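Chain residues, written in single-letter form:
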Amino acid sequence: MRHEYSASLDESTVSSVAPLDLLRTWINEAAGAEVADPNAMCLATIGADGAPRARMVLCKGVEEASVIFFTNMTSDKAEHLLVRPEVASTFWWPDAERSVRLVGHATALGRDEVERYFATRPRSSQVGAWVSDQSAPIADRSALEAKHLDVQARFASGEVPCPPHWGGFRIHVHEVEYWAGRPARLHDRLRLRPGASEWSMERLQP
Ligand SMILES: Cc1cc2nc3c(=O)[nH]c(=O)nc-3n(C[C@H](O)[C@H](O)[C@H](O)COP(=O)(O)O)c2cc1C
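As the structure is a computational prediction, the values presented were derived from the model and not from experiment.

Chemist: A description of the pairing of strand β8 (residues 188–194) should follow, citing residues and the corresponding values.
Modeler: For β8, the buried fraction is high: five of the seven residues fall into the buried class. Note that β8 and strand β9 (residues 199–203) share five bridges and pair antiparallel. Residue Arg193 lies in a different strand from β9, and its bridge partner there is Ser200. In textbook terms, the turn of a hairpin is the stretch between consecutive antiparallel strands, and for β8 and β9 this stretch comprises four residues.

Chemist: Can you lay out the packing of aromatic side chains for me, pointing to particular residues and giving the numbers?
Modeler: Tallying each qualifying case throughout the model produces eleven aromatic pairs. Between Phe69 and Phe169 the ring centres are 5.7 Å apart and the planes differ by 25°, which places this aromatic pair in the stacked class. Separated by 100 residues along the polypeptide, Phe69 in strand β4 (residues 66–72) and Phe169 in strand β7 (residues 166–180) bring together distant segments of the chain. Comparing Phe69 with Phe169, the two get one shared label, buried. Seen from their ring centres, Trp130 and Phe155 are 5.2 Å apart, and the 45° between their planes marks the pair as tilted. Of the two residues, Trp130 sits in helix α4 (residues 123–131) while Phe155 sits in the loop between α5 (141–154) and β7, which places them 25 residues apart along the sequence. In this structure Trp130 comes out as buried when scored by relative accessible area, which is 17%. Given a relative accessible area of 10%, Phe155 falls into the buried group. Put simply, the rings of Trp26, Phe91, Trp93 and Tyr178 touch in pairs and so form one group of aromatic residues.

Chemist: Requested: an account of the pattern of salt bridges, with residues and values cited.
Modeler: Pairing is possible between side chains that carry opposite charge, provided their charged atoms lie close to one another. On inspection of all chains with the given rule, the structure shows 17 salt bridges. The partner of Glu175 in a salt bridge is Arg193, with the nearest N and O atoms 3.1 Å apart. Placement of the pair is Glu175 in strand β7 and Arg193 in strand β8, with a sequence separation of 18 residues. Judged by relative accessible area, Arg193 falls into the partly exposed class, the value being 34%. In this structure, the salt-bridge partner of Arg191 is Glu202, at a minimum N-O distance of 2.9 Å. Of this pair, Arg191 sits in strand β8 while Glu202 is found in strand β9, placing the two residues eleven residues apart along the sequence. The exposure class of Arg191 is buried, given its relative accessible area of 17%. With relative accessibility at 37%, the residue Glu202 sits in the partly exposed group. The structure contains a network of salt bridges with shared partners spanning Glu11, Arg182, Asp188 and Arg203.

Chemist: How would you explain the site of the ligand if you had to name every residue and give the values?
Modeler: Taken together, Asp37, Arg55, Met56, Val57, Leu58, Phe70, Thr71, Ser75, Asp76, Lys77, Gln134 and Ser135 make up the full set of residues adjacent to the ligand. Between the ligand and Met56 there is a distance of 2.6 Å, counted from an oxygen atom to a backbone nitrogen or oxygen. Leu58 has a polar backbone atom sitting 3.0 Å from an oxygen atom of the ligand. In isolation the ligand has 620 Å² of accessible area, and contact with the protein removes 64% of it. Looking at the shell around the ligand, the elements with two or more residues in it are β2 (52–58), β4 and α2 (76–83).

Chemist: Now, about the packing of α4 against α5: what can you tell me, with residues and values included?
Modeler: Orientation of α4 relative to α5, taken along the N-to-C sense of each, is 120°, at an axis distance of 9 Å. Here α5 runs oblique to α4, going by the angle between their axes. Note on packing geometry: the crossing formed by α4 with α5 is right-handed. Taking contact as the criterion, the partners of Val127, Trp130 and Val131 in α4 are, on α5, Leu144, Lys147, His148, Val151, Gln152 and Arg154. When the residues that make up the contact of α4 with α5 are grouped by side-chain class, the tally is five nonpolar, two polar and two charged.

The rules we used
- Residues numbered from 1 in each chain as written.
- Predicted model: local features only at pLDDT ≥ 70, side-chain atom pairs only at ≥ 80, totals over all residues.
- Heavy atoms only, no water.
- Buried < 20%, exposed > 50% of the residue type's maximum accessible area, 1.4 Å probe, protein only.
- Helix = DSSP H or I, 4+ residues; strand = E, 2+ residues; numbered from the N terminus.
- Pairing = 2+ DSSP bridges.
- Phe/Tyr/Trp six-rings, centres within 6.5 Å; stacked < 30°, edge-to-face > 60°.
- Salt bridge = Lys/Arg side-chain N within 4 Å of Asp/Glu carboxyl O.
- Near = heavy atom within 4 Å.
- Polar contact = N/O pair within 3.5 Å; in protein donor to acceptor, adjacent residues only side chain to side chain.
- Areas by Shrake-Rupley, 256 points an atom, 1.4 Å probe, with all protein chains shown as cover.
- Axes fitted to C-alpha atoms, helices over the stretch in contact; angles between N-to-C directions.
- Parallel < 35°, antiparallel > 145°, perpendicular 65-115°, else oblique.
- Left-handed = near helix turned anticlockwise from the far one by under 90°.
- Contact = heavy atoms within 4.5 Å.
- Nonpolar A, V, L, I, M, F, W, Y, C, P; charged D, E, K, R; others polar.

What follows is the structure, encoded as structure tokens:
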């Protein structure tokens, strides 16, 4: 399981005015290398019991200082975020020996943006969004498959509309850390936080 890292990262690669540009570049480079789910990120939220919960989601947009993901608005993660918007998120590209960590707060996306994105999804995913009461228990697999058949029959023809319970969040980022693996566990870590006009950068010990 031991592995020697050999990537690198220097201060000139990260912009103090557009701190997420490098995240976009790393996602694009992973996509170019045909990595599966190059935009997958682990998203941690805080539950009503005060305990963190983490799960994977797909990052569907990187903007100036925010990232976007879509989900079911009655899921556990959405219920958490509507009460406690604080999030932490981590990307990891093993082949490139790169990782990015984000800290921020989430706000729900507007209906227009959600519907616009939903319209671009494959039909099978659109149908799936109607089938799943995400995060709610179900008796067994056959009960889910029966729901799937019902929804397929309901939307046998025409467009599949965006379900009212489907939505998304924008994570407004207020801390970002870029990590690159280096030999001898002396990895590069650059952390950025917003300052008065630009983001300030610190190099952290590995
Ligand atoms: C690679 C990967 C990508 C995923 N992307 C999403 C996503 O974009 N949105 C989503 O709601 N769930 C996504 N999931 C499923 C979630 O990890 C999770 O099972 C689901 O959202 C329920 O989480 P919750 O009960 O904590 O709300 C993804 C899972 C994996 C493994």
